[in-house]
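Summary of structural features
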Amino acid sequence: MATKARRPAKSGGPDVSVLIAAWQAADFLVRSVENALAQEGVSVEVIVVDDASTDDTYGVARAMADRDGRVTALRLPENAGPSGARNAALAVARGTWVAVLDADDRMVPRRLQRMVAMAEAQDADIVLGNLAEVDESGRPIADEPFITKPDRPVRLDAETFLAGNLRAVGGHNLGYLKPLVRRAFLEREGISYDPDLRNGEDFHLVLCCLLSGAVVWFSPDSDYLYTRRSGSVSAVSTVDHLNALIRAETDMLVHPALTPELRELLDRRRRGLQDLRTTETVLQALKARRIGRARAALAARPRAAGLVLRQLSEGLLRRLRG
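Residues numbered from 1 in each chain as written. Predicted model: local features only at pLDDT ≥ 70, side-chain atom pairs only at ≥ 80, totals over all residues. Heavy atoms only, no water.

1. With respect to the packing of aromatic side chains
Scanning all chains against the criterion turns up 2 aromatic pairs. Taking 5.5 Å as the distance between ring centres and 70° as the angle between the ring planes, the aromatic pair formed by F146 and Y176 counts as edge-to-face. One end of the pair, F146, is in the loop between β6 (126–134) and β7 (154–156); the other, Y176, is in the loop between α5 (158–163) and β8 (179–182), with 30 residues separating them in the sequence. On the accessibility criterion, Y176 (23% relative accessible area) is partly exposed. Considering the side-chain rings of F161 and F203, the 5.5 Å spacing of their centres and the 15° angle between planes classify their relative orientation as stacked. One end of the pair, F161, is in helix α5; the other, F203, is in helix α7 (residues 201–211), with 42 residues separating them in the sequence. Of the two residues examined, F161 and F203, each falls in the buried class. Across the ring face of Y193, the terminal group of R86 is positioned such that the distance to the ring centre comes to 5.4 Å. Over the aromatic face of Y176 sits the side chain of R228, whose NZ or CZ is 6.0 Å from the ring centroid. (Phe/Tyr/Trp six-rings, centres within 6.5 Å; stacked < 30°, edge-to-face > 60°. Helix = DSSP H or I, 4+ residues; strand = E, 2+ residues; numbered from the N terminus. Buried < 20%, exposed > 50% of the residue type's maximum accessible area, 1.4 Å probe, protein only. Lys NZ or Arg CZ within 6 Å of the ring centre and 35° of its normal.)

See below:
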């Protein structure tokens, strides 16, 4: 589950600290930083954390920091994943609010202003903004927003949030949404990102906040431009990443704030992740032509057979269309 962050709150900072975890991002980092700096109606700082890249990500970030005092460039000595990089950014953030921006994504110009206004009007601790999926050139991938229902601003309780995160891999889960979070809430509750997670980290942060009493609202505006890139960490589920998620959700099952209903929802999600882990194991084994290993994995968890078949069918269709 999310980890503890112990440091005193700071004051006199910008409205929003935009946290960018950057790995191998030299080719597209300038665009995301400039996009964050161009947000209208709020004052921002941008904290770029180079996650031990082997390209010139840090050099690019450092050059932008030298040109604009609103940019801070940090570099981790070892790769820590998006959770570790975001925690490093949180440790120096000065904003009243913190917002997450992936290094290859962008936001429409007044996204942060609208989210802050909603949060203040509703006395919220977190706002989850909707997103639109785009390709690497910025062209929309779908005609509809990522989350189609609800289609109006609503408050999300823990049960609604968990129920919105039960869809199979590739499904439009609420946990994909990038949060705006009141920094003082994180500090008061001692909450930060789970450093063991390399995907699903935003879901776990928001759930931990909900179980600590956070007021969470959903904004239907699809004003976060989420880039679908081939090979990106968020687009690929690996067995190791799934193991970390399953461990985190097993730990979360004993959280004292979980009601029996919430515990059942979280356990359903965990079982789905276990099915997905079996599916990934089977697919990797088939790709390596290790038929015996694929058969053994599926025999150990036969309920994953439907998901395996679906993934194989989707892969075949992609090859035929290609």
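2. Focus: the pattern of salt bridges
Considering all chains together, one arrives at 25 salt bridges under this definition. We note a salt bridge from R228 to E133, for which the minimum N-O separation is 2.6 Å. Note that R228 is positioned in the loop between β9 (216–227) and α8 (239–252) and E133 in strand β6, a separation of 95 residues in sequence. For R228, a relative accessible area of 25% gives the class partly exposed. Ionic pairing is found between R271 and E264, a salt bridge with its closest N-O pair at 3.4 Å. Of the residues examined, R271 reaches a relative accessible area of 24% and is grouped as partly exposed. With a relative accessible area of 40%, E264 lands in the partly exposed category. (Salt bridge = Lys/Arg side-chain N within 4 Å of Asp/Glu carboxyl O.)

3. Regarding the side chain of H204
Tracing the backbone through its elements, the reader meets H204 in helix α7. Relative accessible area serves as the criterion here: at 1%, H204 is assigned to the buried category. Apart from residues lying up to four places away in sequence, H204 is in contact with L197, L245, A248, E249 and M252. (Contact = heavy atoms within 4.5 Å.)

4. Here's the deal with the nonpolar core
Ranked by internal contacts, the top residues of the largest apolar core, which has 84 residues, are V16, I20, L29, V33, V46 and L112. Counting residues per element, this core draws most heavily on α7, which supplies 8 residues. Dropping the residues within four chain positions of it, I20 is found in contact with L29, S32, V33, V46, I47, V48, V49, L101, D102 and A103. Membership of the second largest hydrophobic core comes to 9 residues, among which are L197, L242, L245 and L276. (Core = buried A, V, L, I, M, F, W, Y, C linked by side-chain atoms within 4.5 Å.)

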